[in-house]
Amino acid sequence: MSSQPSATGRMAESLGINEATHHLLLCADPTKPKCCDKQLTLTAWDYLKKRLKELGLDRPGGNMPQCVLRTKANCLRICSAGPILLVYPEG
């Protein structure tokens, strides 16, 4: 067995998976919008990406000693007035 990290391990390391302090799941870009307008979710997603980058939280080694992961969740099925953001580990 090689002691070299696998391609998946190297990718996880470059994304800061091991350094992530939070993981944000945003109801965005649903295939079948049930609760809110699809374009509204995409606007929220673009803002989230931009803001994390501005704060240096989008990658390890940024301005902050932490990294925040983000994931589009197709539909969390609980919103009615706009996209929902679920924050882990807080839930």
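Scroll up for the structure.
Residues numbered from 1 in each chain as written. Predicted model: local features only at pLDDT ≥ 70, side-chain atom pairs only at ≥ 80, totals over all residues. Heavy atoms only, no water.

(A) Spotlight on the overall build of the chain. When helices and strands are tallied, the chain shows 2 helices and 3 strands. Each helix (α) and strand (β) of the chain, taken in turn from the N terminus, gives the series α-β-α-β-β. For the chain, the spread of C-alpha atoms along the three principal axes comes to 50 × 30 × 25 Å. Counting the 91 residues in the chain, one finds 21% classified as buried. Of the contacts formed within the chain by residues at least 6 apart in sequence, a portion of 69% connects residues at least 24 apart. Accessible surface, the chain: about 6400 Å² in total, of which carbon and sulfur atoms supply 55%. Positive and negative charge centroids in the chain, built from 12 and 8 side chains respectively, lie 6 Å apart. (Helix = DSSP H or I, 4+ residues; strand = E, 2+ residues; numbered from the N terminus. Buried < 20%, exposed > 50% of the residue type's maximum accessible area, 1.4 Å probe, protein only. Contact = heavy atoms within 4.5 Å. Areas by Shrake-Rupley, 256 points an atom, 1.4 Å probe, with all protein chains shown as cover. Lys, Arg positive; Asp, Glu negative; His and termini not counted. Charge placed at Lys NZ, Arg CZ, Asp CG, Glu CD.)

(B) Just the pattern of salt bridges, in detail. Following the criterion strictly, the structure yields 4 salt bridges and no others. For Glu 54, the salt bridge is made with Arg 51, and the minimal N-O distance between the two is 2.9 Å. Taken together, the residues Glu 54 and Arg 51, both in helix α2 (residues 38–54) and 3 residues apart, mark about one turn of the helix. With a relative accessible area of 34%, Arg 51 lands in the partly exposed category. (Salt bridge = Lys/Arg side-chain N within 4 Å of Asp/Glu carboxyl O.)

(C) Geometry of the sheet that holds strand β2 (residues 67–73). Within the open sheet, the 3 strands sit side by side as β2-β1-β3. Their pairing is mixed. The strands lining the two open edges of the sheet, one partner per strand, are β2 and β3 (85–88). Pairs of neighbouring strands in the sheet enclose a mean axial angle of 20 degrees, with direction left out of account. Direction of pairing for strand β1 (residues 20–27) relative to β2: parallel, over a ladder of 7 bridges. (Pairing = 2+ DSSP bridges. Axes fitted to C-alpha atoms, helices over the stretch in contact; angles between N-to-C directions.)

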